[in-house]
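# A structural walkthrough
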Amino acid sequence: VIIYKKKLSIKQITKKEELKFKKIFNIYIKEILKVKYISENKVDAHLIKIKNKIGKINWIIEKNKQIGFLVFYLNHEKLNCYIRDFFIKKKYRKKEVGTLIVKKLIASCNRRSFKFIKIDIIKTNKSAIKFWKKLYFKKNGKSYYLKLDK
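A brief structural summary. (Residues numbered from 1 in each chain as written. Predicted model: local features only at pLDDT ≥ 70, side-chain atom pairs only at ≥ 80, totals over all residues. Heavy atoms only, no water.)

### As for the layout of surface pockets
Keep this limit in mind: Cavities and pockets are found on a 1 Å grid laid over the protein atoms alone: a cavity is a set of points where a 1.4 Å probe fits but cannot escape, a pocket is an open set with protein on both sides within 12 Å along at least five of seven lines, and a lining residue has an atom within 4 Å of such a point. Grid points are joined across faces, edges and corners, and a volume is the space filled by probe spheres set on the points. Numbering of helices and strands runs from the N terminus; a helix is a DSSP stretch of H or I covering at least four residues, while a strand is a stretch of E covering at least two. Classification convention: Asp, Glu, Lys, Arg as charged; Ala, Val, Leu, Ile, Met, Phe, Trp, Tyr, Cys, Pro as nonpolar; all other residues, Gly among them, as polar.
In this structure, the largest pocket occupies an estimated 1300 Å³ of space. Lining of the largest pocket is provided by 42 residues; of these, Phe86, Asn125, Ser127, Ala128 and Trp132 occupy positions nearest its centre. Where the lining of the largest pocket is concerned, the elements lending two or more residues are helix H1 (18-33), helix H2 (40-52), strand E4 (80-88), helix H3 (97-111), strand E5 (116-120) and helix H4 (126-134). Residue composition of the lining of the largest pocket, grouped by class: 19 nonpolar, six polar and 17 charged. When its volume is computed, the second largest pocket comes out at roughly 210 Å³. Surrounding the second largest pocket, Ile10, Lys56, Asn58, Phe72, Leu74, Lys104, Leu105, Ser108, Arg111 and Arg112 form its lining. Only strand E2 (56-62), strand E3 (65-75) and H3 provide two or more residues apiece to the lining of the second largest pocket. Ranked by the residues each element gives to the lining of the second largest pocket, the list is headed by H3, at four residues. Broken down by class, the residue content of the lining of the second largest pocket amounts to four nonpolar, two polar and four charged.

### Digging into the packing of aromatic side chains
Formally: Two aromatic rings from Phe, Tyr or Trp, using only the six-membered ring of Trp, form a pair when their centres are within 6.5 Å; if the ring planes differ by under 30 degrees the pair is stacked, by over 60 it is edge-to-face, and anything between is tilted. Exposure classes here rest on a 1.4 Å probe applied to the protein chains alone. A residue is buried below 20% of its type maximum, exposed above 50%, and partly exposed in between.
Enumeration according to the criterion identifies 14 aromatic pairs in this entry. Ring geometry for Phe86 and Phe131: centres 6.0 Å apart, planes at 20 degrees, overall stacked. Of the two residues, Phe86 sits in strand E4 while Phe131 sits in helix H4, which places them 45 residues apart along the sequence. For the pair Phe86 and Phe131, one class covers both residues: buried. Within the aromatic cluster, the residues linked to one another by ring pairs are Phe21, Phe25, Tyr28, Trp59, Phe69 and Phe87.

### A word on H4
In plain terms, the rule: As used here, the arc belongs to the directions running from the helix axis to the C-beta atoms. Residues are treated as being in contact if the distance between any of their heavy atoms lies within 4.5 Å.
Three or more residues of H4 are buried, namely Ala128, Ile129, Phe131 and Trp132. Buried residues in H4, looked at end-on, bunch into an arc of 160 degrees, giving them a common side. Along H4, the residues that are exposed and aim more than 90 degrees away from the buried face are Lys126, Ser127 and Lys130. Each element contacted by the buried residues of H4 is listed here: E4, H3, E5 and strand E7 (143-147). A positive backbone phi angle near 75 degrees is found at Tyr136, which sits one or two residues after H4.

### Describing a nonpolar patch on the surface
Applied cut-off: Every patch collects residues that have over 30% relative accessible area and no salt bridge, joining them within 9 Å if they carry like charges and within 5 Å if they are nonpolar side chains (Val, Leu, Ile, Met, Phe, Trp, Tyr). We get accessible surface area from the Shrake-Rupley algorithm with a probe of 1.4 Å; when it comes to residues, only the shown protein chains can shield them. Between Lys or Arg on one side and Asp or Glu on the other, a salt bridge is scored when a side-chain nitrogen of the former is within 4 Å of a carboxyl oxygen of the latter.
Among the surface-exposed residues, Leu33, Val35 and Ile122 lie close enough to one another that they form a single nonpolar patch of about 220 Å² accessible area. Under the relative-accessibility criterion, Ile122 is labelled partly exposed at 37%.

Next up, the structure:
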């Protein structure tokens, strides 16, 4: 196993980058839904839903390359974070990239005094379930939660 200690950052996508994001988002949707094709309208519908709920759409960047993305909502009233979508390109997986990015998000939520982080995972996505459990997320109903330090 290669431990991936490269500098990683999270950067909100710009309007100019939306088309590129749609292409990567399309790959992600096909992978999690296990389908060969997904219409552009369906991808657009997902993106509209994210924007309507004021989701933060971010690139995961390593050496100026967009190697994945993280979409999340911050609820400052209820003091929680909901991870909507999290994707790392296949060639960057199993190299600690996801773990490092989630740890950055956890640190950011702790600085905001948030109470928990939540993610919903498709129950057939066994590798994702294993990943989030490794980061101490606990199942509660259909969702996984990480209770944050006070």
